[in-house]
Amino acid sequence: MWQERQGQGPQPTRGHPRLITDVRTTPATQSDSSQVAEIQESLLQRGLAPAVHLVDAGYITGENLARSEQRGIRLLGPAPPDTSPQAREAGLGLDAFELDWERQQARCPGGKASVHWNPSQDRGVPCVQIAFAAQDCEAFSLYRQCVRTTSPQAQGRRLKVREYHDYVRRRRQEQRTPEFQEQYRKRAGMEASLSEQVREEGLREARYREQPKIHLQHLFTATATNLERTARWLRGDE
């Protein structure tokens, strides 16, 4: 996990060197998204918090978007797509429903209100289970695009919505805009940095066993990279 930041330099008119400020070595069992809070808190404590934190889709969750906003950081990256069967089959995915968290009610694209709103857990993450009445769904003209069932009897639509879903919904809408795409284009520079480490420093190949030693290797790699980048910047090569 590499975290880069523009450093301070004597010639701001030609930009600042891009330096690695955080190095994290995590087990493969840990998700990318679980690292966001720790990274941002570390940067805040050192006075290095960015206004915009560029990440890929693996770091975007509703909770990360919300918590980043609370820290005064804009977490910028594309939200993962809706993976519900309806969304995959060009039907009515979760984003087609209006959610009223205060009233604890959802409204479907056909204008009908939910009949159940039950707080629950999804693999340890707070969520709500939402249900619509079967008779309301059956009367909807897009019933087959909304309810997946092989039963001859009408079924009501069921939704499982995680906490902070509205943040994900807004990001999915935002990432379709030209403004978002222009801002996110800067992410390509970070991918180029990772590619440089993989090609020149063998970043994906551990020379040692056990995580503490592998982390030490990563620290050496980051230090060498920063020294090289600083030298190039001082020469005016970048």
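As shown above, the structure is provided for reference.
Reading guide: rules and limits
Residues numbered from 1 in each chain as written. Predicted model: local features only at pLDDT ≥ 70, side-chain atom pairs only at ≥ 80, totals over all residues. Heavy atoms only, no water. Patch = residues over 30% accessible without salt bridge, like charges linked within 9 Å, V, L, I, M, F, W, Y side chains within 5 Å. Areas by Shrake-Rupley, 256 points an atom, 1.4 Å probe, with all protein chains shown as cover. Salt bridge = Lys/Arg side-chain N within 4 Å of Asp/Glu carboxyl O. Helix = DSSP H or I, 4+ residues; strand = E, 2+ residues; numbered from the N terminus. Axes fitted to C-alpha atoms, helices over the stretch in contact; angles between N-to-C directions. Parallel < 35°, antiparallel > 145°, perpendicular 65-115°, else oblique. Contact = heavy atoms within 4.5 Å. Pairing = 2+ DSSP bridges. Expected span 1.5 Å × (residues − 1). Buried < 20%, exposed > 50% of the residue type's maximum accessible area, 1.4 Å probe, protein only. Core = buried A, V, L, I, M, F, W, Y, C linked by side-chain atoms within 4.5 Å. 1 Å grid on protein atoms, 1.4 Å probe; cavity = no way out; pocket = protein on both sides within 12 Å on 5 of 7 lines; lining within 4 Å. Points joined across faces, edges and corners; volume = space filled by probe spheres on them. Nonpolar A, V, L, I, M, F, W, Y, C, P; charged D, E, K, R; others polar.

1. Observations concerning a nonpolar patch on the surface
Taken together, Leu 216, Leu 219 and Phe 220 make up a surface patch of nonpolar side chains, about 280 Å² in accessible area. Tracing the chain through its elements places Leu 216 in helix 9 (residues 211-235).

2. Things to note about the packing of helix 2 (residues 62-70) against helix 6 (residues 165-174)
For the pair helix 2 and helix 6, interaxial distance at closest approach is 7 Å and the crossing angle is 90 degrees. Relative to helix 6, the element helix 2 lies roughly perpendicular. Contact residues: Gly 62, Leu 65, Ala 66 and Glu 69 in helix 2; Tyr 167, Val 168 and Arg 171 in helix 6.

3. Looking at the sheet that holds strand 9 (residues 158-162)
Strand order in the open sheet formed by 3 strands is 7-8-9, and the pairing between neighbours is antiparallel. Of all the strands in the sheet, just strand 7 (116-122) and strand 9 have a single pairing partner and so form its edges. Strand-to-strand twist in this sheet, taken as the mean axis angle between neighbours without regard to direction, amounts to 25 degrees. In this structure, strand 7 lies alongside strand 8 (residues 125-131), joined through 7 bridges in antiparallel fashion. Across the sheet, the residue bridging to Trp 117 is Ile 130, located in strand 8.

4. Let's talk about helix 9
The end-to-end C-alpha separation of helix 9 is 36 Å, in line with the 36 Å expected for 25 residues at 1.5 Å each. Of all the residues in helix 9, the buried ones are Ile 214, Gln 217, His 218, Thr 221, Ala 222, Thr 225, Asn 226, Arg 229, Arg 232 and Trp 233. One or two residues past the end of helix 9 sits Gly 236, with phi positive at roughly 85 degrees.

5. Description of the nonpolar core
The biggest cluster of nonpolar side chains holds 17 residues, and the ones touching the most others in it are Phe 97, Ala 106, Ile 130, Phe 132, Leu 159 and Val 161. If you list the elements that add at least two residues to this core, you get strand 8, helix 5 (143-146) and strand 9. Residues within four places of Val 161 in sequence aside, it is in contact with Leu 94, Leu 99, Trp 101, Cys 127, Val 128 and Ile 130.

6. Describing empty space enclosed by the protein
Per the stated rule, a full pass over the model turns up 1 cavity of 30 Å³ or more. Lining the largest cavity are Phe 97, Cys 108, Pro 109, Phe 132, Cys 137, Phe 140, Tyr 143, Cys 146, Val 147 and Arg 157. Counted by class, the lining of the largest cavity contains 9 nonpolar, no polar and 1 charged residues.

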